[in-house]
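# Residue-level structure breakdown
Okay, here's what each chain looks like letter by letter:
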Amino acid sequence: MSDTFERACATADVPDEGVVPVEVGGVEVAVVKSEGQYFAVRDECSHAQIQLSEGDVGECEIECWLHGSRFDLRTGEPTSLPAYDPVPIYPVRVDGGDLLVDVKNPINQPNL
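An unreviewed UniProt entry lists the protein chain under the name 3-phenylpropionate/trans-cinnamate dioxygenase ferredoxin subunit, from Kribbella solani.

## Focus on the sheet that holds strand E4 (residues 37-42)
Strand pairing within a sheet occurs via backbone hydrogen bonds; the two strands may be parallel or antiparallel. Ordered by their spatial adjacency, four strands build an open sheet running E2-E3-E4-E8, and the pairing between neighbours is antiparallel. The sheet terminates laterally at strand E2 (18-24) and strand E8 (89-90), the two strands that pair on one side only. For E4 and E8, the ladder comprises two bridges, and the chain directions are antiparallel. Within the sheet, the bridge partner assigned to Ala 40 lies in E8 and is Tyr 90.

## A short note on the nonpolar core
One finds Val 19, Val 32, Val 41, Leu 52, Ile 62, Phe 71 and Leu 73 to be the most contacted residues of the largest nonpolar core, which totals 18 residues. Elements with a contribution of two residues or more to this core: strand E3 (27-34) and E4. In contact with Leu 73, not counting residues within four places along its chain, are Val 32, Ser 34, Phe 39, Val 41, Cys 60, Glu 61, Ile 62 and Ile 89. Ranked by size, the runner-up nonpolar core spans 14 residues in total, among them Val 22, Val 29, Val 31 and Val 101.

## Here we look at the state of the cysteines
By the definition in use, this model includes zero disulfides. Here Cys 45 is not disulfide-linked; the sulfur of Cys 64 is the nearest cysteine sulfur, at 3.9 Å. Free cysteine Cys 60: the closest other cysteine sulfur is in Cys 9, separated by 17 Å. Residue classification places Cys 60 among the buried residues on the basis of a relative accessible area of 1%.

## Digging into the environment of Gly 76
With respect to the element layout, Gly 76 can be found in the loop between strand E7 (70-72) and E8. According to the relative accessible area criterion, Gly 76 is buried, its value standing at 0%. Other than its neighbours up to four places away in sequence, Gly 76 contacts Phe 71, Pro 86, Val 87, Ile 89 and Asn 108.

## Re unusual backbone geometry
Each neighbour pair has its own omega, and for Leu 81 with Pro 82 the value is 20°, a cis peptide bond. Within the secondary structure, Pro 82 sits in the loop between E7 and E8. Phi at Glu 17 is positive, roughly 50°, even though this residue is not glycine. Inspection of the secondary structure puts Glu 17 in the loop between strand E1 (6-10) and E2. When its relative accessible area of 34% is taken as the criterion, Glu 17 is described as partly exposed. At Gln 49, a residue that is not glycine, the phi angle is positive and equals roughly 50°. With respect to the helices, strands and loops of the structure, Gln 49 is situated in the loop between E4 and strand E5 (56-58).

Definitions and cut-offs
- Residues numbered from 1 in each chain as written.
- Predicted model: local features only at pLDDT ≥ 70, side-chain atom pairs only at ≥ 80, totals over all residues.
- Heavy atoms only, no water.
- Pairing = 2+ DSSP bridges.
- Helix = DSSP H or I, 4+ residues; strand = E, 2+ residues; numbered from the N terminus.
- Core = buried A, V, L, I, M, F, W, Y, C linked by side-chain atoms within 4.5 Å.
- Buried < 20%, exposed > 50% of the residue type's maximum accessible area, 1.4 Å probe, protein only.
- Contact = heavy atoms within 4.5 Å.
- Disulfide = S-S within 2.5 Å.

In C-alpha cells:
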C-alpha cells in the first residue's frame with residue numbers, strides 16, 4: 001500500500017486556535033490547530049461554498065464567517081445551522097516540523 005500523505009505546511013505556520021488555507025493534491029484544505037491538535041478539513045462550507053479558513057476556530061470547531069455554521073473538526077459534522085451536511089475531514093500526521101495530510105482517504109464520506 002502506498003503512502004498517500006502529502007506535505008501541507010509547517011507546524012509553525014498554524015497558530016493555536018487558528019487556521020491556514022493550503023492546497024494538497026489539488027484539494028483546497030483548511031489546516032487547523034485547536035486544543036493542541038491538528039486537523040484538516042475541506043476549505044468549503046457545505047451550506048454556502050464559503051472558505052472555512054476565513055472563519056473562527058475554538059473548542060475543536062470551525063465556524064463559517066458568512067452564516068455562522070459550525071463544524072466539528074473531528075467528525076466534519078455540523079454543530080449549528082444553517083448547515084446540515086458534513087464537510088470532508090482528512091487524516092493529519094506530524095512529521096518533524098511538517099504537517100502531512102491525506103486527501104485521498106477522507107475520514108468521513110459526506111455526499112457532496
